[in-house]
Structures are given as structure tokens and as C-alpha cells.
Amino acid sequence: MGIKSEQHSSASSIDSSSDPSAAGASSSSTDLRLGLSISSSYYNDLFPTPTTTTRVQPLSWPPIRSILRSAHLDKALDHKQASLFIKIYMEGIPIGRKLNLFAQDGYDSLIATIAHMFPTTVLCPGADRVHSDKYHVLTYEDKEGDWMMVGDVPWEMFLNNVKRLKITRADSFDRAMAFLKLINGGPLPLGTNS
Amino acid sequence: MNLKRKNPNPDPSSPDSDESTQLSSPFPDEVLERVLSLLNSRKDRNSVSLVCKDWYDAERWSRTHVFIGNCYSVSPEILTRRFPNIRSVTLKGKPRFSDFDLVPPKWGACVHSWLLVFATKYHFLEALRLKRMTVSDESLKFLALSFPNFKALSLLSCDGFSTDGLASITTHCKNLTELDIQENDIDDKSGKWLSCFPENFMSLEVLNFANLNSDVNFEALERLVSWCKSLKVLKVNENITLEQLQRLLVLAPHLREVGTGSLLQELTPRQHSELKSAFSNCKNLNILSGFTEVTSIFLPVLYPACTNLTFLNLSYAVLQSDELSNLLIHCPLLQRLWVLDSVEDEGLEAVGSNCPLLEELRVFPASDPHEDEIVHGVTEIGFLAVSYGCKKLHYVLYFCRRMTNAAVTTIVQNCPDFTHFRLCIMNPRQPDYQTGEPMDEAFGAVVKTCTKLRRLAVSGLLTDLTFEYIGKYAKNLETLSVAFAGSSDWGMECVLKGCPKLRKLEIRDCPFGNAALLSSFRKYESMRSLWMSGCKVTMNGCRLLAQEMPRLNVEVIKECGNDDCQADKLYVYRSVAGPRKDAPPFVLTL
């Protein structure tokens, strides 16, 4: 079982899982998968990740007794029904914010809260995007790692599936969607009419 | 029953040859023994035993408690020969890194061979405290049956036994005062052991079964608590409900230390106020722990009970910063606090504001740090806030996601009395996040400023400079833990040459090799142990060490599939008992 020291990439680069001996570590959560084979580096230009990316951790690290660890606490975290805190980033701003989704009543409330947190107007899908470099759209990463437009599914289902939120520029989002349509041809995993 | 020595003759080599002053010491041996029996500190006793032969003898006859930091450093035969009157034994077994799964199972440290000798030599043994030992059900049964006066059993981080073994203890130990079962790898079959206490059993003072998962019979527990009027410590497991806890507190309002069960329960207003009243009637309550699945609604129940709290263990409670803040307002006398990093920097700011008497702080990571981005954890900001508000802070264990040299320098200026400084920046080799530089200056500041420092754990990106600082300034350092640090052999050499009081050195995944290992091989005889894993030492280097120092046990743990030349896991320790006789095949004694 010898413990091999991990080589760590520098802060802002993307980590794809390297050493097979790090069996316990999860793969990088910066890996954006749409269920289509698109290179993650392209997507990461559109969706800049924060400076502290997840790294592949060595075994038996950090040095904390397993009895204090996840098994106990995951259960405890699940029971914290008072809040569902998720991270939300805006394209161009490296530091994200935290948002308690349980404190929102629905999509309207969510948009209003976000408008207070970030300097933008968030559009719902399908709206006119005349000056699309000034406007932003709201997307979320679901449990399967796919990026979806916010507002497609009923609020409860959204709460069940959302992992994190991203505010991206409307025109770069359009470009990304157009590119995907081009290379894929088939239906996008978004219920929009873009 | 004190066994007297047989030959109380004075020392014939006394410097006074005059016959009128035949006694080498100014008072009779019986007086010396009586005086020495008042000494409790083992360090003092060790010093006393070195004065002269008379004092050595007097000390050994009067010692009733013995502490053995490494069970392989001495044999039970040697121990019982030197100390005939022992009533209480503390034994530690496996190297500390076994807590993090770095030591394979069945490595050793079995208590049974000790118990066999104790059964004949220490028939009146009263207390046994084991840490990181392997204990079988057979051993527990043997213990329960062999020592008629047995009173206190404490098992911490042990493995190899099941709840059946506990049942032997509760069934047979008629004078049991303490049963403390903590964080063990135990085969938890059932809670029946609690029901095995005899009827009218009254002597229990300490009962801790917080880490056992099986249900116990609540009626049996209630009966036990109501009969044991001297009960001071009660830590229940998470199957005990709030309502049951309330009933127990009403029966035992004199408790000093309480560990709660699960707090996930909807309380009616009546239940809420009954519980609050039960807690506030516990006037002696100093220590609270447990708090699994705590909800905000529960916490105010505790507020009246917190006035005299000195130790609050929230390491199983996922609290937000405001919840902690509201709780701490009621804990002005707090000296020790253990929390999860879910409280974040804001929570720690509340610590700084509300706990001026705080001496010890431990902050543990709430979630798997390399999975979730949801929990922010704590940073240098929280630690700084605590250091500004808690001037008496001297013990810290801090798991954080980022740190700076400047912050640590300020922290130790605020709190120069650190004796234990254990900082874990959770991403290995992470630099100062503001400057991008190594964290050398941080630990340099720690060792330069904190002259009383006894224990240090380092982390982050560190070059040999850190170890130069440690070797140069950490003159009271006894324990050092190092991981993913250093640039070359020179780092480790600095520590070995520079720290005169070093006793335990544990190293993993550092670029230290044979040159470092062999640079001060005589040093290891003045230490309890050295652990090196994932480093660059080879089998040949270890063999050389073993050759040069025959009184050291040099052991390599060999695991399959690895290069035969590399010594993956090295464990070196001094011993008067010679090489292990019970080493498993994967432990090579060189």
C-alpha cells in the first residue's frame, strides 16, 4: 500500500484525476460534463473556476480520526434541514458567494436575491437579448454534473438537483450553446428555445 | 497492603566514615518512602529515582501508578520486578499514525501478555488505561475475573474486542467505578452489556458509552443512574432520546460531565421547558459533549447550564456561526472548546469575543475537504480573531483551508504561551495564499516566540528553513509531526541536532533519506520513538542504523508490491526488552 506523495498542479489549472492510488479521492468537481464530449478546457474559459480548485488528496489525509469523519457528519449535515447553502459564481468575479436556497420561496425570490448579491440583471430564458454582452443568464449544475438553465423544472425538483449556480454572460452562453448545437446536432439538455 | 523492603541497611559507601553518622540520608527510609509516596508526577519520580540507590529503592516501593508510553519499550516482567506495588497502569501501544490507517491491522500491541503477568504480580490492580492497544474479549474476561479490586477501565482508540468483552467487565467487576469506552474499533453486537450490572450496583462514577451504537436497555440505565449516587460523568450514545436524557438528568443533577444523545427530536413546549429545567438543575456541570444531529431549536435549552462550563465539546455538532455565537454568550468561563469548521470564521470571532478564559481550541473539518465546496471552513481570519480575544490560549489544533505567514506571526505575538501548536493546512504543500511563499516564516515565528512550546505539528509548503528554525529555537519541543514538508536531508538533521528534549518524531511523505536518518543515530536513544513513512530511507540505511545502535528496535513495515530496497514505513524506538517476540510477518526487525 505504500503512500505515494501526490504531485499537485498549480492553483488555477484544471485537475483531472491522476494517481490511481488515490482511490478515495473524488474526481475534480471542475470537470464540466454536458453528457457530450466537449473539451473541458473550452468550457472553463467560459466558466472560470475559483482559484482554489479541488485537488486530488493523498490517502490518510488530512490527519483526522475516521470516527470523527464523514459517516457521522454526513448524517448530521443531511439533517440540517434549516438550510441548503450552495455556491454561486458570476463570470468574471473570482470570489463566489453562498446562498441559502431554502430561504427562497421560488424562482422569483431567487432572482431577486441574486440581483442584490451581484451587479447584474439576470434574464429568464427566452427573453430578448439585444445587448447580450450586458446581460447574464443563470445556470446551475445538477447532480449529474450537467449544466442546465435555471427555471426549467419545478422549484422542488430544482432544489433536489442543484449543486451550484453560475451567472454567465448571455452572449458567451449563446456562443457555447450554438457551438454545442453545431457539434452535436441533437437536442440540448436544456428546455429552452435558444 | 504495603510490601516492605527486606533490607533497610544504610548505604555503606557514605562519604561520612564516622560511625556516629551511619545513615546516608538524614531520615529513616520509612520516612523517605512516606514523603515520596506524596509525589504524583512521574517526571518528578523519575528524577528522584536517579539521586542515589536509597532513593531509587524508596521510590520504586512507593510508586502506585505507572505510565508506559510505548508498550514495547519494556516487558511486564521487568516492570513488575522494579515496581512491586502498582495499583494503576497506563499503557500505550501503536504508533500514533495508526489513527490514520497508516499501520496495517494485526500489527501487535496486545494487552494479554501484560495481563497474565499482572494477574500474579499485581493482584490488587485497580485501574487500567489503554490507548491504541489490541484487546480481545478473552483479555477482558480474564481481566474481570483476575483482579478482585478492579475499579477503572478506560479504552481509547483500541481494537480487537466486542461488546461481549464489556459484558464480562460489567458482570464480574463488583467494585467498578469507571467504564470509559472511547473511539474504539469495537465489534458492537448489542447493548446487553449495560444490563449485566448486578442489582443494587452502586459504585459507578464514570460511564462513557458515547461511541457505541447499539441500543441499551433504558430501564437498566435509569436504574443504574438512580442507584449510583457518586456518578460524576455520564456520556450516553445517540440512541438515547432527549426525553430519556431529561429523565436521567433529573435522577443525577450532581453530574459534572454530560454527553448527550441524539438531539434530533421534536419537543413539545412542555418537554422543552422540562429539559431546560433539568439542565439548569445540574449545578455542578462543567463539561458538555455529544450534540450529534443538533438543531437550533435545542440549543437554548442548554443556556442555563452553561454558566459553569469549562469544556464544551462540539466536535460532532454541525453548527452555523450564529448558533455557536448565541451559545457562547452563555459560556463565560469556558476554558476548552472543540468545534467543527462549519462555524466558519464568524463563529470563531464569537469565540474571541465571548471566551476570555479560553486555553484550548480545536477546530475539526466538518466535511470531506476534497469533496464539497459547500462548507467554507475556517481561515486565518478566525484564528486571528481568537488570538485577539483569548490571551490565555496555549493549546490549538486547527484544520484550515488557507493560512498566511503574517497571520501566524501576529497570532503568536498575541498568544506567546503556546505549549501545543498543531496547524493543519488541509491541502498538502499549500503556500501562503497571499504571498505565494512557503510557510517557513510562520513556524519560525512560532518557535521563536513560544518558548514553552512542547508539541508542534507543521503543514503547508515548507522548505528546510522551517526545520532550521525548529532546531535553533524549539528548545522545549517534545513532539513534532511533519507531513509533505522539507526540501532535503538537512531539514531533518537540523531537528535531530537541535531539539534537546525531543521525544517523539513522526514524519510522513518528506524527502528525508538515509543521510538524515543516520546523522544523529545516538539521538534516538534519548527519544521514545521515530516514525518515518513515505520518505526516502532504504532498507540498507535502516540496517546500518540497527547495526550501530543495538539497543534500539529498528522495525520496517513491509507491504507487498513495493520496491524491496525502499523502507516504506520505519518505526524506531528504544527498548530495554529487546526485539519484539510477537512481530507479525510484515514487520521486519533489523
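Residues numbered from 1 in each chain as written. Chains lettered and ligands numbered in written order. Predicted model: local features only at pLDDT ≥ 70, side-chain atom pairs only at ≥ 80, totals over all residues. Heavy atoms only, no water.

### A word on the overall build of chain A
Short version of the rule: Put simply, DSSP H or I for four residues or longer makes a helix, DSSP E for two residues or longer makes a strand, and each gets a number counted from the N terminus. A simple rule labels every residue: compare its accessible area, found with a 1.4 Å probe on the protein chains alone, to the largest value its type can have, and call it buried under 20%, exposed over 50%, or partly exposed in between. Here, residues are in contact when the closest pair of their heavy atoms is within 4.5 Å.
Looking only at helices and strands, chain A has five helices and six strands in total. Seen in sequence order, chain A has helices and strands lined up from the N terminus as α-α-β-β-α-β-β-β-α-β-α. Counting the 194 residues in chain A, one finds 46% classified as buried. In chain A, the proportion of contacts linking residues at least 24 apart, taken out of those at least 6 apart, comes to 61%.

### A few points about the pairing of strand β22 (residues 569-574) of chain B
Within a regular beta strand, the side chains point alternately toward one face of the sheet and then the other, so they alternate between its two faces. Residues and elements named next belong to chain B. The test is simple: Note on pairing: two strands pair once DSSP finds at least 2 bridges between them.
Counted residue by residue, β22 has five buried out of six residues, so it is predominantly covered. Summarising the sheet, strand β20 (residues 529-533) and β22 pair through five bridges and their orientation is antiparallel. What sits directly across from Trp531, in β22, is Tyr571. Two strands pair when backbone bridges link them, and strand β21 (residues 552-557) and β22 are joined in this way by six bridges, in the antiparallel orientation. Paired with Glu555 across the strands is Tyr571, a residue of β22.

### A few points about the environment of Ser296 of chain B
All names here are of chain B. Here Ser296 is to be found in the loop between β11 (287-289) and β12 (311-313). The class of Ser296 is partly exposed, set by a relative accessible area of 39%. Taking C-alpha positions, Ser296 is 9.6 Å from Leu324, a pair spaced 28 residues apart along the chain.

### Describing the packing of aromatic side chains
Residue and element names in this part refer to chain B. Put simply, the rule is: Two rings from Phe, Tyr or Trp (for Trp, the six-membered ring) form a pair when their centres sit within 6.5 Å of each other. Planes less than 30 degrees apart are called stacked, planes more than 60 degrees apart edge-to-face, and all others tilted. Here, a charge over a ring means that NZ of Lys or CZ of Arg falls within 6 Å of the ring centre while also lying within 35 degrees of the ring normal.
Counting across every chain of the model gives 24 aromatic pairs over all chains. Every member of this aromatic cluster is reached through a ring pair, and the members are Tyr72, Phe97, Phe100, Trp107, Trp531, Tyr571 and Tyr573. Between the NZ or CZ atom of Arg580 and the centre of the ring of Trp107, over which it lies, the distance is 4.5 Å.

### A word on the pairing of β21 of chain B
Residue and element names in this part refer to chain B. Most of β21 is tucked away: six of the six residues are buried. Residues Leu552, Val554 and Val556 line one face of β21 and the alternating positions Asn553, Glu555 and Ile557 line the opposite face, and both faces are buried. One ladder, built from three bridges, connects β21 with strand β23 (residues 587-589); its direction is antiparallel. Directly across from Glu555, in β23, lies its bridge partner Thr589.

### Examining the pattern of salt bridges
The test is simple: Any carboxyl oxygen of Asp or Glu within 4 Å of a side-chain nitrogen of Lys or Arg constitutes a salt bridge here.
The final tally for this structure, using the stated rule, is 30 salt bridges over all chains. The shortest N-O distance in the salt bridge between Arg45 of chain B and Glu59 of chain B comes to 2.7 Å. Here Arg45 of chain B is found in helix α2 (residues 42-49), whereas its partner Glu59 of chain B is found in helix α3 (residues 53-62), with 14 residues between them in sequence. Each of the two residues, Arg45 of chain B as well as Glu59 of chain B, counts as buried. Where Glu59 of chain B meets Arg82 of chain B, a salt bridge forms, and the shortest distance between an N and an O atom there is 3.8 Å. Here Glu59 of chain B is found in helix α3, whereas its partner Arg82 of chain B is found in helix α4 (residues 76-82), with 23 residues between them in sequence. On the basis of relative accessible area, Arg82 of chain B is assigned to the partly exposed category, the value being 24%. Three or more residues are tied together by salt bridges with common partners; here these are Arg65 of chain A together with Asp99, Arg132 and Glu183 of chain B.

### Topic: unusual backbone geometry
Omega for the peptide link from Trp61 of chain A to Pro62 of chain A comes to -5°, which places this bond in the cis form. Inspection of the secondary structure assignment puts Pro62 of chain A in the loop between α1 (40-46) and α2 (70-79). Within the chain, Asn200 of chain B stands out as a residue other than glycine whose phi angle is a positive 60°. For Asn200 of chain B, the position within the fold is in the loop between α8 (192-195) and β8 (206-208). A residue is classified by how much of its surface remains accessible, and Asn200 of chain B, at 48% relative accessible area, is partly exposed. Although it is not a glycine, Phe291 of chain B adopts a positive phi angle of roughly 60°. Tracing the backbone shows Phe291 of chain B in the loop between β11 and β12.

### Quick look at the confidence of the model for chain B
Residues and elements named next belong to chain B. Counted only if it meets this: pLDDT gives the predictor's per-residue confidence on a scale running from 0 to 100.
The predicted model of chain B averages 91 in pLDDT, with 94% of residues at 70 or higher. For residues 1-23, every residue scores under 50 in pLDDT, and the model assigns this stretch 23 contacts once sequence neighbours within four places are set aside. Interface confidence for the predicted complex, expressed as ipTM, amounts to 0.79; the pTM equals 0.76.

### Digging into the packing of helix α10 (residues 242-251) of chain B against helix α11 (residues 269-280) of chain B
Residue and element names in this part refer to chain B. Keep this limit in mind: Axis definition: a line fitted to C-alpha atoms, limited for helices to the stretch in contact. Angles are taken between N-to-C directions and run from 0 to 180 degrees. Handedness of a crossing follows from how the near helix is turned relative to the far one, being left-handed for an anticlockwise turn of less than a right angle and right-handed for a clockwise one. Under the grouping applied here, Gly and all other residues not named as nonpolar or charged are polar, the nonpolar ones being Ala, Val, Leu, Ile, Met, Phe, Trp, Tyr, Cys and Pro and the charged ones Asp, Glu, Lys and Arg.
The interhelical angle for the contact between α10 and α11, taken along N-to-C directions, is 35°, at an axis separation of 9 Å. Note on packing geometry: the crossing formed by α10 with α11 is left-handed. Here Leu242, Glu243, Leu245, Gln246, Leu249 and Val250 of α10 come into contact with α11, specifically with Gln271, Glu274, Leu275, Ala278 and Phe279. The residue inventory of the contact of α10 with α11, partitioned by class, reads seven nonpolar, two polar and two charged.

### Points about the packing of α2 of chain B against α3 of chain B
At a minimum axis distance of 7 Å, the contact between α2 of chain B and α3 of chain B shows a crossing angle of 145°. Contacts from Arg45, Val48 and Ser49 of chain B in α2 of chain B reach Trp55, Tyr56, Glu59 and Ser62 of chain B in α3 of chain B.

### As for the side chain of Asn211 of chain B
Residue and element names in this part refer to chain B. Short version of the rule: N or O atoms within 3.5 Å of each other form a polar contact, as long as, within protein, one can give a hydrogen and the other can take it, and as long as residues adjacent in sequence are counted only when both atoms are side-chain atoms.
As for its position among the elements, Asn211 is in the loop between β8 and α9 (218-227). We classify Asn211 as buried; its relative accessible area is 18%. A polar side-chain atom of Asn211 sits 3.4 Å from a polar atom in the side chain of Tyr316.

### Observations concerning helix α16 (residues 440-449) of chain B
Residue and element names in this part refer to chain B. Taking burial as the measure, the 10 residues of α16 include seven buried ones, the bulk of the element. Taken together, the buried positions of α16 are Asp440, Ala442, Phe443, Gly444, Ala445, Val446 and Val447. Against the buried residues of α16 lie α15 (405-414), β16 (420-425), β17 (455-457) and α17 (464-473).

### Looking at the confidence of the model for chain A
Residues and elements named next belong to chain A. In this model, chain A carries an average pLDDT of 61, and 41% of its residues clear a pLDDT of 70 or more. Confidence, read as mean pLDDT per element, is least for α1 in chain A (38) and greatest for helix α4 (residues 155-161) (87). Between residues 1-55, whose pLDDT stays under 50, and residues either more than four places distant or in other chains, the model counts 111 contacts. Residue range residues 190-194 is modelled with pLDDT below 50. Its contacts to residues more than four positions away, or to other chains, number 13 contacts.

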